[in-house]
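What follows is each chain in one-letter form.
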Amino acid sequence: MIKEELKLVQEWDKTFAKSDKVDHSKVTFVNRYGITLAADMYVPKNVEGKLPAIAVSGPFGAVKEQCSGLYAQTMAERGVLTIAFDPSFTGESGGNVRYMASPDINTEDFMAAVDFLSLNEKVDPDRIGILGICGWGGMAINAAALDTRVKATVASTMYDMTRVNANGYFDSADSEEARYEAKKTQCAQRLEDLKNGEYKLGGGVVDPLPEDAPFFVVDYHKYYKTDRGYHARSLNSNGGWNVIGCESFVNQPILKYSNEIRSAVLLIHGEKAHSCYFSKDAYAAMIKDSKYTENKELLIIPDAVHTDLYDGGGKDAIPFDKLTEFYMEYLK
(Lines give C-alpha, C1' and ligand atoms only; values in the text may rest on other atoms or scores of the structure.)
Protein backbone atom coordinates (compact mmCIF):
# COMPACT_ATOMS: atom_id res chain seq x y z
CA MET A 1 0.00 0.00 0.00
CA ILE A 2 1.54 3.26 -1.15
CA LYS A 3 0.64 6.42 0.73
CA GLU A 4 0.60 9.58 -1.35
CA GLU A 5 2.57 12.52 0.01
CA LEU A 6 -0.06 15.18 0.52
CA LYS A 7 0.63 18.88 0.94
CA LEU A 8 -1.11 19.65 4.21
CA VAL A 9 -1.68 23.09 5.68
CA GLN A 10 -0.07 23.20 9.11
CA GLU A 11 -1.38 26.50 10.43
CA TRP A 12 -4.80 26.69 12.06
CA ASP A 13 -7.28 27.52 9.27
CA LYS A 14 -10.56 26.30 10.77
CA THR A 15 -13.89 28.10 10.95
CA PHE A 16 -13.87 27.57 14.73
CA ALA A 17 -11.48 28.57 17.52
CA LYS A 18 -8.66 26.25 18.58
CA SER A 19 -9.13 24.55 21.94
CA ASP A 20 -6.42 24.49 24.59
CA LYS A 21 -7.86 21.27 26.02
CA VAL A 22 -6.72 19.02 23.18
CA ASP A 23 -3.61 18.33 21.12
CA HIS A 24 -4.08 18.75 17.38
CA SER A 25 -2.09 17.21 14.52
CA LYS A 26 -2.48 16.29 10.86
CA VAL A 27 -2.56 12.59 9.91
CA THR A 28 -3.03 10.59 6.71
CA PHE A 29 -4.25 7.08 5.90
CA VAL A 30 -5.09 5.02 2.81
CA ASN A 31 -8.40 3.47 1.81
CA ARG A 32 -8.75 0.19 -0.08
CA TYR A 33 -8.84 2.05 -3.40
CA GLY A 34 -5.37 3.41 -2.73
CA ILE A 35 -6.58 6.95 -2.10
CA THR A 36 -4.74 8.79 0.66
CA LEU A 37 -7.05 10.64 3.03
CA ALA A 38 -6.12 13.67 5.13
CA ALA A 39 -7.47 14.20 8.62
CA ASP A 40 -7.14 16.40 11.67
CA MET A 41 -6.58 14.36 14.83
CA TYR A 42 -7.68 15.71 18.20
CA VAL A 43 -6.36 14.05 21.36
CA PRO A 44 -7.59 15.05 24.84
CA LYS A 45 -4.79 16.37 27.04
CA ASN A 46 -3.75 14.80 30.34
CA VAL A 47 -5.30 11.39 29.71
CA GLU A 48 -3.73 7.98 30.13
CA GLY A 49 -4.37 4.56 28.69
CA LYS A 50 -6.17 3.48 25.54
CA LEU A 51 -8.94 5.87 24.51
CA PRO A 52 -12.29 5.46 22.79
CA ALA A 53 -12.21 7.04 19.33
CA ILE A 54 -14.59 8.56 16.79
CA ALA A 55 -14.11 9.26 13.07
CA VAL A 56 -16.07 12.30 11.84
CA SER A 57 -16.91 13.56 8.35
CA GLY A 58 -19.39 15.79 6.54
CA PRO A 59 -21.37 17.64 5.45
CA PHE A 60 -21.62 16.68 1.79
CA GLY A 61 -19.42 19.21 0.02
CA ALA A 62 -17.76 20.56 3.17
CA VAL A 63 -14.23 20.10 4.49
CA LYS A 64 -12.79 19.05 7.84
CA GLU A 65 -11.99 22.65 8.70
CA GLN A 66 -15.71 23.33 8.98
CA CYS A 67 -18.26 21.59 11.19
CA SER A 68 -16.81 18.05 11.20
CA GLY A 69 -13.73 19.53 12.84
CA LEU A 70 -15.91 21.37 15.36
CA TYR A 71 -17.63 18.11 16.30
CA ALA A 72 -14.30 16.29 16.50
CA GLN A 73 -12.58 18.91 18.64
CA THR A 74 -15.54 19.23 21.00
CA MET A 75 -15.80 15.47 21.52
CA ALA A 76 -12.05 15.33 22.15
CA GLU A 77 -12.52 17.92 24.87
CA ARG A 78 -14.86 15.38 26.44
CA GLY A 79 -12.32 12.59 26.55
CA VAL A 80 -12.49 10.87 23.15
CA LEU A 81 -9.70 10.70 20.57
CA THR A 82 -11.17 11.92 17.29
CA ILE A 83 -10.29 12.45 13.65
CA ALA A 84 -12.13 14.69 11.19
CA PHE A 85 -11.29 13.64 7.64
CA ASP A 86 -11.77 14.95 4.13
CA PRO A 87 -13.46 12.34 1.91
CA SER A 88 -11.79 11.07 -1.25
CA PHE A 89 -11.38 13.65 -4.04
CA THR A 90 -12.08 16.61 -1.75
CA GLY A 91 -10.26 19.01 0.55
CA GLU A 92 -6.71 17.98 1.35
CA SER A 93 -7.36 14.30 0.61
CA GLY A 94 -6.05 12.57 -2.48
CA GLY A 95 -7.68 11.25 -5.63
CA ASN A 96 -6.49 12.24 -9.09
CA VAL A 97 -9.94 13.42 -10.11
CA ARG A 98 -11.36 16.17 -7.93
CA TYR A 99 -14.90 16.80 -6.72
CA MET A 100 -16.32 13.35 -7.42
CA ALA A 101 -18.49 11.36 -5.02
CA SER A 102 -19.30 7.66 -4.80
CA PRO A 103 -21.61 5.75 -2.46
CA ASP A 104 -19.07 2.93 -2.37
CA ILE A 105 -15.83 4.91 -2.10
CA ASN A 106 -17.24 7.35 0.44
CA THR A 107 -18.53 4.50 2.61
CA GLU A 108 -15.06 3.00 2.33
CA ASP A 109 -13.59 6.31 3.51
CA PHE A 110 -15.33 5.76 6.86
CA MET A 111 -14.13 2.16 7.02
CA ALA A 112 -10.56 3.26 6.24
CA ALA A 113 -10.83 5.75 9.10
CA VAL A 114 -11.82 2.86 11.37
CA ASP A 115 -8.77 0.96 10.07
CA PHE A 116 -6.55 3.89 11.00
CA LEU A 117 -8.04 4.29 14.46
CA SER A 118 -7.95 0.54 15.16
CA LEU A 119 -4.19 0.47 14.61
CA ASN A 120 -3.42 3.71 16.47
CA GLU A 121 -1.45 3.04 19.66
CA LYS A 122 -3.54 5.56 21.61
CA VAL A 123 -6.87 3.90 20.73
CA ASP A 124 -8.76 0.96 22.17
CA PRO A 125 -9.82 -0.87 18.96
CA ASP A 126 -12.91 -2.26 20.68
CA ARG A 127 -14.22 1.25 21.40
CA ILE A 128 -14.55 2.94 18.01
CA GLY A 129 -17.50 4.97 16.74
CA ILE A 130 -18.27 7.13 13.71
CA LEU A 131 -20.17 10.37 13.20
CA GLY A 132 -21.52 11.65 9.90
CA ILE A 133 -23.04 15.06 9.24
CA CYS A 134 -25.55 15.84 6.46
CA GLY A 135 -24.73 13.63 3.44
CA TRP A 136 -22.08 11.84 5.42
CA GLY A 137 -24.74 10.92 7.96
CA GLY A 138 -26.14 8.57 5.34
CA MET A 139 -22.63 7.29 4.58
CA ALA A 140 -22.06 6.67 8.28
CA ILE A 141 -25.23 4.57 8.55
CA ASN A 142 -24.19 2.64 5.46
CA ALA A 143 -20.75 2.06 6.97
CA ALA A 144 -22.31 0.88 10.23
CA ALA A 145 -24.34 -1.67 8.26
CA LEU A 146 -21.12 -3.00 6.72
CA ASP A 147 -18.43 -2.57 9.38
CA THR A 148 -18.85 -4.82 12.42
CA ARG A 149 -16.04 -3.00 14.25
CA VAL A 150 -18.15 0.15 14.62
CA LYS A 151 -19.76 0.15 18.06
CA ALA A 152 -21.71 3.42 17.89
CA THR A 153 -22.86 5.70 15.06
CA VAL A 154 -24.31 9.20 15.06
CA ALA A 155 -25.95 10.73 11.98
CA SER A 156 -26.52 14.45 12.47
CA THR A 157 -28.88 16.49 10.24
CA MET A 158 -28.70 13.55 7.81
CA TYR A 159 -29.19 13.48 4.05
CA ASP A 160 -29.72 10.26 2.11
CA MET A 161 -27.78 11.34 -0.96
CA THR A 162 -28.96 8.41 -3.05
CA ARG A 163 -32.59 9.30 -2.38
CA VAL A 164 -32.26 13.00 -3.14
CA ASN A 165 -30.33 12.30 -6.35
CA ALA A 166 -32.86 9.72 -7.52
CA ASN A 167 -36.05 11.43 -6.38
CA GLY A 168 -35.24 15.12 -6.03
CA TYR A 169 -35.90 17.22 -2.96
CA PHE A 170 -38.99 16.10 -1.03
CA ASP A 171 -39.33 13.26 -3.59
CA SER A 172 -40.73 15.80 -6.07
CA ALA A 173 -39.09 14.04 -9.04
CA ASP A 174 -39.77 10.45 -8.05
CA SER A 175 -40.75 9.03 -11.42
CA GLU A 176 -39.17 6.89 -14.11
CA GLU A 177 -39.47 9.75 -16.61
CA ALA A 178 -37.76 12.30 -14.34
CA ARG A 179 -34.92 9.89 -13.58
CA TYR A 180 -34.51 9.10 -17.26
CA GLU A 181 -34.17 12.77 -18.15
CA ALA A 182 -31.67 13.32 -15.34
CA LYS A 183 -29.58 10.36 -16.48
CA LYS A 184 -29.78 11.52 -20.09
CA THR A 185 -28.42 14.93 -19.08
CA GLN A 186 -25.59 13.35 -17.10
CA CYS A 187 -24.59 11.08 -19.97
CA ALA A 188 -24.46 14.04 -22.35
CA GLN A 189 -22.31 15.95 -19.88
CA ARG A 190 -19.80 13.09 -19.74
CA LEU A 191 -19.09 13.56 -23.45
CA GLU A 192 -18.85 17.33 -23.13
CA ASP A 193 -16.32 16.94 -20.33
CA LEU A 194 -14.21 14.57 -22.42
CA LYS A 195 -14.32 16.93 -25.40
CA ASN A 196 -13.29 19.85 -23.20
CA GLY A 197 -10.61 17.91 -21.34
CA GLU A 198 -11.97 18.92 -17.94
CA TYR A 199 -14.95 18.32 -15.70
CA LYS A 200 -17.53 21.08 -15.52
CA LEU A 201 -18.37 22.25 -12.01
CA GLY A 202 -22.00 22.31 -11.00
CA GLY A 203 -21.66 25.40 -8.85
CA GLY A 204 -21.69 25.61 -5.06
CA VAL A 205 -24.22 27.46 -2.95
CA VAL A 206 -25.71 30.22 -5.11
CA ASP A 207 -24.34 33.72 -4.52
CA PRO A 208 -25.68 36.37 -4.60
CA LEU A 209 -28.84 34.96 -3.13
CA PRO A 210 -31.93 35.35 -5.38
CA GLU A 211 -34.90 37.09 -3.80
CA ASP A 212 -37.10 34.06 -4.44
CA ALA A 213 -34.60 31.50 -3.12
CA PRO A 214 -36.26 28.66 -1.15
CA PHE A 215 -35.63 28.53 2.58
CA PHE A 216 -33.11 25.69 2.47
CA VAL A 217 -30.96 27.63 -0.03
CA VAL A 218 -31.08 30.66 2.27
CA ASP A 219 -30.08 28.38 5.15
CA TYR A 220 -27.05 27.06 3.26
CA HIS A 221 -26.03 30.54 2.13
CA LYS A 222 -25.97 31.78 5.72
CA TYR A 223 -23.41 29.09 6.53
CA TYR A 224 -21.28 28.43 3.46
CA LYS A 225 -21.11 31.92 1.92
CA THR A 226 -20.52 34.01 5.05
CA ASP A 227 -17.82 34.29 7.68
CA ARG A 228 -19.80 31.83 9.75
CA GLY A 229 -18.72 28.84 7.67
CA TYR A 230 -16.90 29.87 4.48
CA HIS A 231 -13.71 27.96 3.70
CA ALA A 232 -11.53 28.23 0.62
CA ARG A 233 -11.35 24.43 0.14
CA SER A 234 -15.06 23.81 0.68
CA LEU A 235 -16.94 22.73 -2.45
CA ASN A 236 -20.18 24.23 -1.23
CA SER A 237 -18.51 27.55 -0.45
CA ASN A 238 -17.06 27.74 -3.96
CA GLY A 239 -17.54 25.93 -7.31
CA GLY A 240 -19.33 22.84 -6.00
CA TRP A 241 -19.15 19.24 -7.18
CA ASN A 242 -18.59 18.29 -10.80
CA VAL A 243 -21.85 18.20 -12.75
CA ILE A 244 -21.43 14.41 -13.06
CA GLY A 245 -19.90 14.11 -9.58
CA CYS A 246 -22.89 12.28 -8.09
CA GLU A 247 -24.04 10.36 -11.16
CA SER A 248 -23.89 6.87 -9.62
CA PHE A 249 -26.05 7.83 -6.63
CA VAL A 250 -29.23 7.61 -8.71
CA ASN A 251 -29.50 3.82 -8.67
CA GLN A 252 -27.45 2.84 -5.61
CA PRO A 253 -29.61 3.16 -2.46
CA ILE A 254 -27.30 3.10 0.56
CA LEU A 255 -29.66 2.34 3.45
CA LYS A 256 -31.14 -0.96 2.26
CA TYR A 257 -29.78 -3.08 5.11
CA SER A 258 -29.89 -0.51 7.90
CA ASN A 259 -32.36 -2.65 9.85
CA GLU A 260 -29.60 -5.24 10.22
CA ILE A 261 -27.28 -2.89 12.10
CA ARG A 262 -26.60 -4.49 15.47
CA SER A 263 -24.56 -1.65 16.96
CA ALA A 264 -25.99 1.55 18.46
CA VAL A 265 -27.25 4.35 16.18
CA LEU A 266 -28.41 7.84 17.12
CA LEU A 267 -30.03 10.10 14.52
CA ILE A 268 -30.24 13.80 15.37
CA HIS A 269 -32.20 16.34 13.34
CA GLY A 270 -33.65 19.80 13.65
CA GLU A 271 -37.41 20.07 13.93
CA LYS A 272 -37.59 22.83 11.30
CA ALA A 273 -34.90 21.47 8.98
CA HIS A 274 -36.01 21.02 5.38
CA SER A 275 -34.16 17.70 5.50
CA CYS A 276 -35.82 16.27 8.62
CA TYR A 277 -37.77 13.74 6.58
CA PHE A 278 -34.53 11.92 5.75
CA SER A 279 -33.84 11.08 9.40
CA LYS A 280 -37.46 10.29 10.23
CA ASP A 281 -37.73 7.88 7.32
CA ALA A 282 -34.27 6.40 7.91
CA TYR A 283 -35.11 5.71 11.54
CA ALA A 284 -38.42 4.09 10.60
CA ALA A 285 -36.66 1.86 8.07
CA MET A 286 -33.91 1.02 10.56
CA ILE A 287 -36.28 -0.35 13.18
CA LYS A 288 -38.77 -1.99 10.80
CA ASP A 289 -38.60 -5.77 11.07
CA SER A 290 -35.37 -5.37 13.04
CA LYS A 291 -34.18 -7.48 15.96
CA TYR A 292 -31.90 -4.66 17.12
CA THR A 293 -34.13 -1.73 18.05
CA GLU A 294 -33.24 -1.15 21.70
CA ASN A 295 -30.05 0.75 20.86
CA LYS A 296 -31.55 2.90 18.10
CA GLU A 297 -32.80 6.44 18.73
CA LEU A 298 -34.13 9.46 16.85
CA LEU A 299 -33.66 12.82 18.58
CA ILE A 300 -35.47 15.88 17.18
CA ILE A 301 -34.07 19.26 18.26
CA PRO A 302 -36.90 21.81 18.76
CA ASP A 303 -36.87 24.88 16.49
CA ALA A 304 -33.56 23.91 14.84
CA VAL A 305 -32.99 24.18 11.07
CA HIS A 306 -30.58 22.13 8.99
CA THR A 307 -27.42 24.21 9.46
CA ASP A 308 -28.06 24.79 13.17
CA LEU A 309 -26.55 21.33 13.61
CA TYR A 310 -23.47 22.39 11.66
CA ASP A 311 -22.19 24.86 14.24
CA GLY A 312 -24.97 25.38 16.75
CA GLY A 313 -26.61 28.18 14.79
CA GLY A 314 -25.86 30.66 17.57
CA LYS A 315 -28.26 28.82 19.86
CA ASP A 316 -26.20 25.81 21.00
CA ALA A 317 -28.38 23.51 18.91
CA ILE A 318 -25.83 20.68 18.78
CA PRO A 319 -26.62 18.39 21.75
CA PHE A 320 -23.05 17.63 22.75
CA ASP A 321 -24.11 16.40 26.19
CA LYS A 322 -26.36 13.83 24.50
CA LEU A 323 -23.57 12.84 22.10
CA THR A 324 -21.18 12.36 25.01
CA GLU A 325 -23.73 10.27 26.93
CA PHE A 326 -24.43 8.13 23.86
CA TYR A 327 -20.80 7.44 22.99
CA MET A 328 -19.73 6.84 26.56
CA GLU A 329 -22.53 4.30 26.97
CA TYR A 330 -21.75 2.33 23.83
CA LEU A 331 -17.96 2.79 23.68
CA LYS A 332 -17.42 1.73 27.28
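So, how was this worked out
- Residues numbered from 1 in each chain as written.
- Predicted model: local features only at pLDDT ≥ 70, side-chain atom pairs only at ≥ 80, totals over all residues.
- Heavy atoms only, no water.
- Helix = DSSP H or I, 4+ residues; strand = E, 2+ residues; numbered from the N terminus.
- Rg over C-alpha atoms; globule rule 2.2 N^0.38 Å.
- Buried < 20%, exposed > 50% of the residue type's maximum accessible area, 1.4 Å probe, protein only.
- Contact = heavy atoms within 4.5 Å.
- Areas by Shrake-Rupley, 256 points an atom, 1.4 Å probe, with all protein chains shown as cover.
- 1 Å grid on protein atoms, 1.4 Å probe; cavity = no way out; pocket = protein on both sides within 12 Å on 5 of 7 lines; lining within 4 Å.
- Points joined across faces, edges and corners; volume = space filled by probe spheres on them.
- Nonpolar A, V, L, I, M, F, W, Y, C, P; charged D, E, K, R; others polar.
- Pairing = 2+ DSSP bridges.
- Axes fitted to C-alpha atoms, helices over the stretch in contact; angles between N-to-C directions.
- Core = buried A, V, L, I, M, F, W, Y, C linked by side-chain atoms within 4.5 Å.
- pLDDT = per-residue confidence, 0-100.
- Phe/Tyr/Trp six-rings, centres within 6.5 Å; stacked < 30°, edge-to-face > 60°.
- Parallel < 35°, antiparallel > 145°, perpendicular 65-115°, else oblique.
- Expected span 1.5 Å × (residues − 1).

Engineer: Go over the overall build of the protein chain with me, naming the residues and quoting the values.
Structural biologist: Helix and strand counts for the protein chain come out as nine helices and eight strands. Radius of gyration (C-alpha) of the protein chain: 19 Å, near the 20 Å computed for a compact globule of 332 residues. For the protein chain, buried positions account for 58% of its 332 residues. Partitioning the contacts of the protein chain with sequence separation of at least 6, the portion at a separation of at least 24 is 73%. When the accessible surface of the protein chain is split by element, carbon and sulfur atoms take 50% of a total near 15,000 Å².

Engineer: Can you lay out the layout of surface pockets for me, pointing to particular residues and giving the numbers?
Structural biologist: One way to see where empty space is left: roll a probe the size of a water molecule over the atoms. Taken as a whole, the largest pocket spans an internal volume of roughly 870 Å³. As for the largest pocket, its lining consists of 31 residues, and the residues nearest its centre are Met161, Asn165, Tyr169, Trp241 and Cys246. For the lining of the largest pocket, the secondary structure elements donating two or more residues are helix H4 (161–167), helix H5 (176–196) and helix H6 (215–224). With four residues, the single largest contributor to the lining of the largest pocket is H6. Looking at the lining of the largest pocket, its residues break down into 19 nonpolar, ten polar and two charged. Taken as a whole, the second largest pocket spans an internal volume of roughly 300 Å³. Lining the second largest pocket we find 20 residues, and of these Asp160, Thr162, Arg163, Pro253 and Leu255 sit closest to its centre.

Engineer: Got a sec to walk through the sheet that holds strand S1 (residues 22–30)? Specific residues and values, please.
Structural biologist: Taking strand neighbours across the sheet as the criterion, the eight strands line up as S1-S2-S4-S3-S5-S6-S7-S8 in an open arrangement whose pairing is mixed. At either end of the open sheet lies a strand with only one pairing partner, and these are S1 and strand S8 (296–301). Pairs of neighbouring strands in the sheet enclose a mean axial angle of 20 degrees, with direction left out of account. In the sheet, strand S7 (residues 264–270) pairs with S8 via six bridges, with the strands oriented parallel. Across the sheet, the residue bridging to leucine 266 is glutamate 297, located in S8. Across the sheet, helix H2 (residues 103–118) touches S1, strand S2 (36–44), strand S3 (51–57), strand S4 (81–85) and strand S5 (123–133), and the angle it forms with S5 is around 150 degrees.

Engineer: How would you sum up the environment of methionine 158? Please name residues and give values.
Structural biologist: Assignment of secondary structure puts methionine 158 in the loop between strand S6 (152–156) and H4. Here the alpha-carbon distance between methionine 158 and leucine 331, two residues 173 residues apart in the chain, equals 22 Å. Among residues more than four places away in sequence, those in contact with methionine 158 are Cys134, Gly137, Gly138, Ile141, Leu255, Leu267, Ile268, His269, Ser275, Phe278, Ser279 and Ala282.

Engineer: Describe in detail the nonpolar core, supporting the description with residues and values.
Structural biologist: Phe29, Tyr71, Ile83, Leu117, Leu131, Leu323 and Tyr327 are the most contacted members of the largest nonpolar core, which has 93 residues in total. Among the elements that line this core, the one with the most residues is H2, at seven residues. Beyond its immediate chain neighbours, meaning those up to four positions away, phenylalanine 29 contacts Lys3, Ile35, Thr36, Leu37, Ala39, Ile83, Phe85, Asp109, Ala112, Ala113 and Phe116.

Engineer: I'd like a rundown of the confidence of the model for the protein chain, residues and numbers included.
Structural biologist: On average, residues of the protein chain score 97 in pLDDT, and 100% of them reach the 70 mark or higher. Mean pLDDT in the protein chain bottoms out at H6, which sits at 96, and peaks at S4, which reaches 99.

Engineer: A description of the side chain of serine 263 should follow, citing residues and the corresponding values.
Structural biologist: In this fold, serine 263 is placed in the loop between H6 and S7. You can call serine 263 buried: its relative accessible area is 14%. Beyond its immediate sequence surroundings of up to four residues, serine 263 is in contact with Val150, Lys151, Asn295 and Lys296.

Engineer: How would you explain the packing of aromatic side chains if you had to name every residue and give the values?
Structural biologist: Counting across every chain of the model gives 22 aromatic pairs. Ring centres of phenylalanine 170 and tyrosine 277 lie 5.6 Å apart, and the angle between their planes is 40 degrees; this geometry places the pair in the tilted category. Highlighted residues: phenylalanine 170 in the loop between H4 and H5 and tyrosine 277 in helix H7 (residues 276–287), separated in sequence by 107 residues. Among the residues examined, phenylalanine 170 registers a relative accessible area of 46% and is labelled partly exposed. A residue is classified by how much of its surface remains accessible, and tyrosine 277, at 16% relative accessible area, is buried.

Engineer: Now, about the packing of H2 against helix H3 (residues 135–146): what can you tell me, with residues and values included?
Structural biologist: Contact geometry for H2 and H3: axes closest at 9 Å, N-to-C directions at 70 degrees. Of the possible angle classes, the one that applies to H2 and H3 is roughly perpendicular. Along the contact surface, H2 presents Pro103, Asn106, Thr107, Phe110 and Met111, while H3 presents Trp136, Met139, Ala140, Asn142, Ala143 and Leu146. Grouping the amino acids of the contact of H2 with H3 by side-chain chemistry returns eight nonpolar, three polar and no charged.

Engineer: Account for H7, naming residues and giving values.
Structural biologist: For H7, with twelve residues, the first-to-last C-alpha span of 17 Å sits near the 16 Å given by 1.5 Å per residue. For H7, the complete set of buried residues consists of Cys276, Tyr277, Phe278, Ser279, Ala282 and Met286. Those residues of H7 hidden inside the fold are in contact with H3, H4, S7 and S8. Aspartate 289 sits one or two positions beyond H7 and adopts a positive phi of about 55 degrees.

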